[in-house]
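Chain by chain, the residues:
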Amino acid sequence: MLEVKDVVKSFKTDDHTIKPVNGVSFSLEQGTFAAILGKSGSGKSTLLSLLGALDKATSGDVLVDGVNISALPDSKLTAYRRDDIGFVFQQYNLIPNLSAKENVMLPMEFAGLPRAKRSVRAAQLLNQVELTEDMHNRKANKLSGGQQQRVSIARALANNPKLILADEPTGNLDDETGELIIELLRSLCHEKNTTILVVTHDQALARKTDRRFRLARGKISEITHH
Ligand SMILES: Nc1ncnc2c1ncn2[C@@H]1O[C@H](COP(=O)(O)OP(=O)(O)O)[C@@H](O)[C@H]1O
Ligand SMILES: [Mg+2]
């Protein structure tokens, strides 16, 4: 379970302070597929980076299965990011000159899994995201956008995280490919009981999720109508 309690993030610029996240509270049961909608600049990426412990909140608490990650020392945060969180980005963020499979093996190497096991698991994950065998050894920069995003989802799943955070994962894809990626995330979420939180400004994609929230003026509210 993910619990976000009165989280604030402020940035100081030369002459003023902005608070893109200004008292955000919500919680998600394990295995929920949720979306956060909001305009560009509304603080969506800022909020995700707080949930993924890439940045520290100014105040407030983020609890993952009851553990307050806002209070963890840096050493524990590294392990949290590696073991409990999978990130999926709009720009995929793959290593371009590594193969699809090598990209997926990388987080398992950081986690200390032996090479043979990494290789077998990476192939399984790539099959799961429906990338055919002949794609596994292709360099990431030789794959289409949709294929690269599949690799990045497989990479996010590598260490079996509790929570996947996806920042505009369909932002660089055409509508049809974007829909396939969202379907893929939805099925992974429900099959593996992973909590998936997607940030998007695409209403059509957000409609496929179990719960939807809107972030505006630093506050979050749940969208209850359909
Ligand atoms: N590190 C930072 N320093 C100062 N301002 C920032 C920083 N990161 C984000 N911001 C500002 O916070 C606001 C929200 O940004 P962001 O979270 O990227 O929005 P979104 O992802 O919804 O487009 C923007 O006004 C942005 O310029
Ligand atoms: Mg953003």
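Conventions used here
Residues numbered from 1 in each chain as written. Chains lettered and ligands numbered in written order. Predicted model: local features only at pLDDT ≥ 70, side-chain atom pairs only at ≥ 80, totals over all residues. Heavy atoms only, no water. UniProt positions renumbered as here; feature names shortened; annotations may be inferred. Pairing = 2+ DSSP bridges. Helix = DSSP H or I, 4+ residues; strand = E, 2+ residues; numbered from the N terminus. Axes fitted to C-alpha atoms, helices over the stretch in contact; angles between N-to-C directions. Contact = heavy atoms within 4.5 Å. Near = heavy atom within 4 Å. Polar contact = N/O pair within 3.5 Å; in protein donor to acceptor, adjacent residues only side chain to side chain. Areas by Shrake-Rupley, 256 points an atom, 1.4 Å probe, with all protein chains shown as cover. Nonpolar A, V, L, I, M, F, W, Y, C, P; charged D, E, K, R; others polar. Buried < 20%, exposed > 50% of the residue type's maximum accessible area, 1.4 Å probe, protein only.

The protein appears in an unreviewed UniProt entry as ABC transporter ATP-binding protein from Arthrobacter terrae. Recorded in UniProt under Sequence similarities (unreviewed entry), the annotation for the protein is "Belongs to the ABC transporter superfamily."

**Student:** Even after reading the chapter, I still don't get the sheet that holds strand S4 (residues 59-64), so can you show me in this structure?
**Tutor:** Backbone-to-backbone hydrogen bonds pair the strands of a sheet. The strands run either parallel or antiparallel. With respect to topology, 4 strands assemble into an open sheet ordered S2-S1-S4-S5, the strand pairing being antiparallel. The open sheet is flanked by strand S2 (17-28) and strand S5 (67-68), the only strands paired with a single partner. Looking at chain direction, strand S1 (residues 2-12) and S2 are connected through 8 bridges and run antiparallel. When the bridges of S2 are listed, phenylalanine 11 appears paired with isoleucine 18.

**Student:** Which parts of the structure should I look at to understand the sheet that holds strand S7 (residues 163-167)?
**Tutor:** With mixed pairing, the 6 strands of this open sheet are ordered in space as S6-S7-S8-S3-S9-S10. A strand with exactly one partner marks an edge of an open sheet, and here the two such strands are strand S6 (85-89) and strand S10 (219-222). Strand-to-strand, the axes of this sheet are offset by a mean angle of 20°, without reference to chain direction. Packing of helix H7 (residues 175-192) onto the sheet brings it into contact with strand S3 (33-37) and strand S8 (195-200), and relative to S3 it is tilted by some 135°.

**Student:** So what exactly am I meant to see when it comes to the site of ligand 1 here?
**Tutor:** Near ligand 1, the surroundings consist of Phe11, Ile18, Pro20, Lys39, Ser40, Gly41, Ser42, Gly43, Lys44, Ser45 and Thr46. With respect to ligand 1, the backbone of lysine 44 contributes an N or O atom lying 2.9 Å from an oxygen atom. At 2.6 Å from an oxygen atom of ligand 1 is found a side-chain nitrogen or oxygen belonging to threonine 46. Compared with its free state, where it exposes 570 Å², ligand 1 has 58% of that area covered by protein. Here the element with the most residues in the shell around ligand 1 is helix H1 (residues 44-51); it accounts for 3 residues. Of the residues that constitute the shell around ligand 1, the class distribution is 3 nonpolar, 6 polar and 2 charged.

**Student:** Looking at this model, I keep getting lost on the pairing of S6. Mind explaining?
**Tutor:** Regular strands show a simple pattern: their side chains alternate between the two faces of the sheet. With 4 of its 5 residues buried, S6 lies for the most part within the structure. Sheet topology places S6 next to S7; 5 bridges connect them, and they run parallel. Among the inter-strand pairings, phenylalanine 87 is bridged to a residue of S7, identified as leucine 165.

**Student:** Even after reading the chapter, I still don't get the pairing of S4, so can you show me in this structure?
**Tutor:** Bridge count for S1 against S4 is 5 bridges, and the pairing is antiparallel. Bridged to leucine 2 within S4 is valine 64. Pairing between S4 and S5: 2 bridges, direction antiparallel. Across the sheet, the residue bridging to valine 64 is valine 67, located in S5. Here S4 hands over to S5 after 2 residues, with aspartate 65 in that stretch at a positive phi of 50°.

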